[in-house]
Structures are given as C-alpha cells and as structure tokens.
Amino acid sequence: MRFAIGDTDFLLDGQPHRVLSGAIHYFRVHPDLWADRIRKAKLMGLNTVETYVAWNAHEATPGTFDFTGGLDLGRFLDLVAAEGMHAIVRPGPYICAEWTNGGLPFWLFTDGTVGIRRDEPQFLAAVGRYLDALAPILVPRQIDAGGPIVLVQVENEYGAYGSDPVYLEKLERMHRDIGLTVPFTSVDQPMDSMLEDGSLPSLHKTGSFGSRSTERLARLRQAQPTGPLMCSEFWDGWFDSWGEHHHTTSAAASASDLDDLLAAGGSVNVYMFHGGTNFGFTNGANDKGVYRPIATSYDYDAPLDEAGRPTEKFHAFRDVIARYAPVPELPASMQPGGSGRLASGAGLASSSADGLEARPTPAADVAVRLDHVLPLVDLLPTMTSWTTHETPPTFDQLGAASGFVLYRTEVDLPTGGVLTVAEEVRDRVLVRVDGQTVGVLEREHHDRAIALPPVTGLLELLVEDQGRVDYGPRIGEPKGLIGAVRIGGDVLSRWTVSPLALDPVPAAALDMLRTAPVSSVASVSAVSAVSAVSTGSTGETLAGPVFAMGSFELPERGADLDRYLALDGFRKGVAWVNGFCLGRYWSRGPQHTLAVPGPVLRAGRNEVVVFEVHASAARTVCLCVEPSLGHTEG
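Residues numbered from 1 in each chain as written. Predicted model: local features only at pLDDT ≥ 70, side-chain atom pairs only at ≥ 80, totals over all residues. Heavy atoms only, no water.

> Which parts of the structure should I look at to understand the sheet that holds strand β17 (residues 372–375)?
Hydrogen bonds between backbone atoms are what pair the strands of a sheet, whose relative direction is either parallel or antiparallel. On the basis of which strands lie adjacent, the open sheet formed by 5 strands has the order β17-β32-β37-β34-β35 and antiparallel pairing. Each having just a single partner strand, β17 and β35 (580–586) make up the two edges of the open sheet. On average, adjacent strands in this sheet sit at an angle of 20 degrees to one another, irrespective of strand direction. In the sheet, β17 pairs with strand β32 (residues 546–554) via 4 bridges, with the strands oriented antiparallel. For Leu374, the partnering residue across the bridge sits in β32 and is Phe547. Sitting on the sheet, helix α10 (residues 376–383) is in contact with β17, β32 and β37 (604–612), with an inclination near 80 degrees to β17. (Pairing = 2+ DSSP bridges. Helix = DSSP H or I, 4+ residues; strand = E, 2+ residues; numbered from the N terminus. Axes fitted to C-alpha atoms, helices over the stretch in contact; angles between N-to-C directions. Contact = heavy atoms within 4.5 Å.)

Right, here's the structure in full:
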C-alpha cells in the first residue's frame, strides 16, 4: 500500500483518505496495557494512533539504546497494526510533551558547548546516532513495506522556538537518509508566523489547536494553499502542574470544535486520546519566569482517563466521528455506565461472545499499614556512591538525570549564619544540620538563602530535581546547586556528594526495610484504616526523610484492575508498588492519588514503599478504586 499527500486529501492507494488519529504515548502506559488502549481508540472510531518517541528514555547514557519492555516501540507499533490501524510517529528529536527536558538527553548539554535545536555539529551528530538506532524499528514498519506508519513528523512546533531553515533541512535529510519514505509533516500553532518559521516547503504543514477550528484551519490554508488540512494536535484537555487546579474542558464544547474541524474536511489527531502517567521521574516543567513542575498524572481530561476508562468525552467524540466515518459497534462494557474495561482473562465476572467483558468483579479499597520504617540515613550505604568535590557539582556532572542528590560538608557556626546559593536552586533543597531539618529552598519561590542556627557539625542539602524544563529557552539547563554556596562571605568547600539510587530502589535497601522491626502500635481494621487515611487522623506520624514499607493481599479475581494509591496525611515524596516507581506525590495537589497499573499488581502478597521527604500524619495508605484529582493548597 502507499500513502501520499494529494492536492486536497491524503491518498491511500490513490483514494481520498481522512486521518482520524488519537495520541497514546507508549512511554506513559504500562506495556501490558498498550493493546487495551489501542483497541479502545479503534472503538471510538479512530483509524490511526500517534505517538512521540522519547529520545532520552531510549538513550539514557550516550551510545546505549534501550528498546525493551515499556520502551519497545516496535512492539507498540505492531500492536497498532494488529488492530488494523495506521500509525503516526513523531521522533523529534525534541518532543516537548510535558516530558522531562522535552525528550532531549541531559548528557547532551553537560559541557555547555552543544547547540540546542539548531544547526550545530555536535547536536546533529547525536541526532544522527539516535535516528540510526530508530531505523531498524521504523523503516520496515512503514506502510509501503506492509507496516502501519503513514506519516512521520520532523521536529515539533519549531516555529514557537526559532527560525532556522538550514537546521530543518538537515534534519529532514537525516530522516530520509535512514530510509524513511512516507510523507513528512511539521506542526505549529496557526498564529503569527509560527507556521512559516517552523516548516519547509517539503514538509506538510499541520496545525495545533483546541478551539476555533474554522478560524485556525483558515490560517493553515493561508500558509499552505494546497494539500489536506490537518490538526495534528487537537487539544481536548490540558496538563496539570503541582499547586494548580486540575484542568478540564467541556466535552460538549470540545466535541463541537471537533465537528467543525471534520465538517471542513480536515483530518485530526486527538491530543490526547489517552494521556497516561509520568511514572518515575519523567515529568517535565515550565519556566516562564516562575518554575512550574508538572504533576505525575497526565490524565489530560482525555477521552480515556488515566486508568483507561472511557469518559464523557469518549462518547461525545465517538458520536461526532460517526457522522463522518463508520465506527465499530461498542461492547456493553464500553457503553455509558459500563465498566470501560475490555476482557483480559483475569478478574472477570462474565464475558460476552465477542470476548469483551460485560461487568467487572467489584473491587474494594484496601488499607495498607506501613509497618516497616527506616530513616534515610540508615539506608544511605545501600543507595549512595560518594565522591568528593571542592565545589558542589551539578546533577549533570554526576551523571544523574533526575531524582535526588545529597550534598554534605562540615560547618563551624557557633553563632549561626545565612546560607546562600549564588545563582539558583534547581529545584528544591531540604536543608538539615546535624540531622535536624532547618527549612526548604524552592526554585518556584526564587529562594536562594536560609538562616542556619548555631551548629558545629554536618550540613546536609538534599536537592530534588522536580522535572527538567520541557519548553522554551531553558531546555537543557543543568540541575542542582548552581553557583557557589556561601555562609556569610565564606565559600563552602570540601563537599561529599552522591545521587540517591531510587529508580529502582536497590535490593539491599528493600531487604533492610523488610527486616526492620515492626512498629509496636497495634494494627487497625481495614475499614477504620481507610477512614483514618482520608482524615490523616491515625495518631501515628513519620518524621522524614524516611522510608516506609507495607504489604497487602489481593485475591486472584480482580487483581488486574487498575488502582490508585492514596497518600492522605503524607506531604511530599515518591512511592513504589512491587518495585514499580509510580512517581512523585505532593500534598499541594491537584492530584492526591498515584495511578497503579493493574499489571503491576499480583494475586497474593503485594508491597508498597514510600519515601517521605518531610513528615506524615499517618502510617496508612490506601489502594483505591477511584482517583482524586482535586485541588488542595499545602
């Protein structure tokens, strides 16, 4: 088969074809759930699935590529093909996507000489290596080779960043040189000169917008007089940042804008069809004068929620699409009021003849008491590799892409003093002297100084990267303590420094936690524990930085249901279930639960680990059926 760009339409084997696509980022979804999410895209009436490719996830260290497990892009594309759908691939190299560093590897910029998103030899050489690694995955999966890929996007909203046609021309040629033959696209907002600055005559221009479809398409047509009209990012929701509200959009209004787009003959890629989750330490951040880290949830108020269940928007969009293209029959479980789940073989109450679940086995919330507790200091030998430095190194100089780095030095302050970071804190520092917390420095508040009490002994600075900036001129900046650290006029030196190994938590640390003495406080019943978690009133506390572990049992039936981990009473930290890093939590919201993919859970004994940076008013967490995406200041 062949896919081409005609004078007015996309052409599939010479016949007019409308692209009805939805975005699913394979790197934000557990791989055992890919098939489920793809099938549901087809059930909404879509014929194509779009994904970015996260370069920094695949090449975490220079020259070493990982395309296994949750990063098996080839398997993801094969599942798209198995569903009879096409694929759009957006390899970047820059993707934004509210993903850490916009998808660019942090190590690119360690020495400060590599140019970002421009015609610069070192940057283009690294991009070339990346594209060469993608070639065996993408080239044989193009439609003219019998695969699903019909379009490849070059760069991403480049017109909002710069105007360098030489860079774009070289990047386009590099994509062609690895053997990609399908049509290439660019995407920009149809505003100002972005469409012109971000593309080339050889790249088919597409738009990114979520409203005023008729007006936006008219601007796109002005920039590109011929060829099919396409919105390749139809924003049906938005991402959340910590401390802000959970963003939602009207299903009816979004459906109306989609109707306008399709009525005008346009093709579409719904961004997002299913948002998923920023598991681990993968969330990005924005900095437009104020640093705003992005939340762990990437729910996006999409047609499928974070647990893969259809929302009101799913049904509203499906009704619109049905006016312009045939849609598959919707199984009972996917009807409004149904479970939203497709049969997977485990935990099913009953199944219909077509293999689709009729109703799920009811599930209940499960309280989990964290019985085993150890302070971070006790676990440091299992998760640190200390090095010494005269001045504080950045995360990047230590080879740390994300997470936490602990800085230590000895101080002699018989009358106290003021600690100052010369340039900037990136991004949050827990300041401790002789094992006692003094306070916090936050980049978001532009903090650089803190008063220290009288102390003669150990000064510890636990620095957290809260997400690398993914958009704008601050992409690629180093993390950590930027500039000299002083007390008064004296520069502090002789630092002992180590990143904390947290993703995954080392086996030795987990073994120490499992064998830590169980608290003598009596266990409470499941019902009262869930109530206590919701109010934070168990009467038990944890003083951070501290690790806590607990276990819970699940029956075989229903063990595959996606769940949410509620951490009411906890303030800030990271959580794991069965060794899988769910990501960061923070009491300031908007999210108050962490998504737990069903495949992470198992029948029988399951294990929860929490790293609390500050303190908690509870010792019990809850494995819940429903999420909490509200808003609470804290």
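> Even after reading the chapter, I still don't get the sheet that holds strand β2 (residues 10–12), so can you show me in this structure?
Judged by pairing direction, the sheet is antiparallel, and its 3 strands sit side by side in the order β1-β2-β3 without closing on themselves. Where the open sheet ends on each side, the last strands, each with one partner, are β1 (3–5) and β3 (15–17). Going from strand to strand, the sheet's axes swing by 40 degrees on average, the running direction of each strand aside. In this sheet, β2 lies alongside β1 in antiparallel orientation, the contact comprising 3 bridges. Within β2, the residue paired with Phe3 across the bridge is Leu12.

> Hey, could you run me through the layout of surface pockets in this one?
A probe matching the size of a water molecule, rolled over the atoms, marks out where space remains unfilled. Its volume calculated, the largest pocket comes out at about 1,200 Å³. Taken together, 48 residues make up the lining of the largest pocket; nearest its centre are Ala60, Phe281, Thr282, Ser402 and Asp503. Ranked by residues supplied to the lining of the largest pocket, first place goes to helix α2 (residues 55–58) with 3 residues. Counted by class, the lining of the largest pocket contains 26 nonpolar, 18 polar and 4 charged residues. (1 Å grid on protein atoms, 1.4 Å probe; cavity = no way out; pocket = protein on both sides within 12 Å on 5 of 7 lines; lining within 4 Å. Points joined across faces, edges and corners; volume = space filled by probe spheres on them. Nonpolar A, V, L, I, M, F, W, Y, C, P; charged D, E, K, R; others polar.)

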